[in-house]
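These are the residues of each chain, in order.
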Amino acid sequence: LMGGFALVGALGFDLWKTVRGDTSLYRSFYGTLKVKRYPVPQKKGGLVHLLDGRISHGFQFAGSAYQGEPTAYFVPQSGVGRVLGQLQGPKMVVVLGLGVGTLSSYAEPGDHFEFFEVNPDVITAAQEDFTYLQHAGGATHVRLGDGRLLASELKAASVDVFVVDAFTGDAIPARLLTVEALDLYWDRIKEHGVLAINVSNRHADLWKVVQAYARRRSFALFRVRHTAPSPLGPYTSDWMLMSRSEDRLISMNLSPWVKDVKTDVPWTDDYAPLYPILRGF
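This section reports on the structure supplied with the text. (Residues numbered from 1 in each chain as written. Predicted model: local features only at pLDDT ≥ 70, side-chain atom pairs only at ≥ 80, totals over all residues. Heavy atoms only, no water.)

### Some thoughts on the pattern of salt bridges
- By the definition in use, this model includes 13 salt bridges.
- Through salt bridges that share partners, Asp205, Lys208 and Arg279 make up one connected network. (Salt bridge = Lys/Arg side-chain N within 4 Å of Asp/Glu carboxyl O.)

### So, the environment of Leu96
- As for its position among the elements, Leu96 is in strand S7 (residues 92-96).
- On the accessibility criterion, Leu96 (2% relative accessible area) is buried.
- Separated by 69 residues in sequence, Leu96 and Asp165 place their C-alpha atoms 5.7 Å apart.
- Apart from residues no more than four positions distant in its own chain, Leu96 is found in contact with Phe116, Gly147, Arg148, Phe162, Val163, Val164, Asp165, Ala166, Leu176 and Tyr185. (Helix = DSSP H or I, 4+ residues; strand = E, 2+ residues; numbered from the N terminus. Buried < 20%, exposed > 50% of the residue type's maximum accessible area, 1.4 Å probe, protein only. Contact = heavy atoms within 4.5 Å.)

### Here's the deal with the pairing of strand S5 (residues 47-52)
- With 5 of 6 residues buried, S5 lies mostly within the body of the structure.
- The sheet contact formed by strand S4 (residues 31-38) and S5 spans 5 bridges and is antiparallel. Among the inter-strand pairings, Arg37 is bridged to a residue of S5, identified as Val48.
- Taken together, the 5 bridges between S5 and strand S6 (residues 55-61) define a ladder with antiparallel strand orientation. Bridged to Asp52 within S6 is Ile55.
- Hairpin connection from S5 to S6: 2 residues lie between these consecutive antiparallel strands, with Gly53 at a positive phi of about 65°. (Pairing = 2+ DSSP bridges.)

### Quick look at helix H5 (residues 207-217)
- Across the 11 residues of H5, 8 count as buried, placing the element largely inside the fold.
- Buried-residue contacts for H5 involve helix H4 (179-188), strand S11 (189-198), strand S12 (220-228) and strand S13 (235-243).
- Downstream of H5 by a residue or two, Ser218 has a phi angle that is positive, lying close to 60°.

### Remarks on the pairing of strand S9 (residues 139-144)
- Relative to S9, strand S8 (residues 112-117) runs parallel, the two being bridged by 6 bridges. Note that in S9 the partner of Phe115 across the bridge is Val142.
- The β-α-β motif built from S8, the intervening helix H2 (residues 120-128) and the parallel element S9 has right-handed crossover chirality. (Right-handed = clockwise from strand over helix to strand, strands pointing away.)

Here it is in structure tokens:
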């Protein structure tokens, strides 16, 4: 409705949704999210875009024939796209960070995708303004809460692919990338499973933190950087993929990342310095 608004209670959070023309605004304790609709590209029915300030959290083409197409940081050529697109057989996938639900486009019959999201506004937007979740080929489940705490509730060695996608914004949740957090994820990942971390960030070289952990644990590390064109401009994704052995990812035609101890910046729950990973310093 033009100029309309609604107040929604979600597990104790007050969520205001305002709709004006082609834009919806969500306001709550976590700030403001914006959903914008564009008429281009016409051949794909336009698109819907989720923004948190200036940070894009993904978009979806609006045309029914194109709504299942993965976009932005999650295209098939991206690091996570190459893993999910090539992994055969029923799989359990856990994703920290929902966005617009784009990764559910990789879900096939027999798969189970579990999304953990701390911001109830994001969940509402993904379910009301986008259709990735409802059109997924496999089972999907979205849980509201802190990703690290929810991950601790998973069964040990139950996850095939564990995706951490919470670092593209200006406020970096360091507690999701410490040694203790990464150890927790690995306790939930199967022997031949993969940990995929989206280190795409305009201000920080988060790959240094991931590299430090992989070297400390003697895990194989792979890096996939890809720039995908889009009607909104290029999306450059930077994914770090980790496995207990190289064979799993080499079979996907990926090349191991050569680790350099001089660039390591290990993070722990007691000490997670930002200065050493900031660009330009």
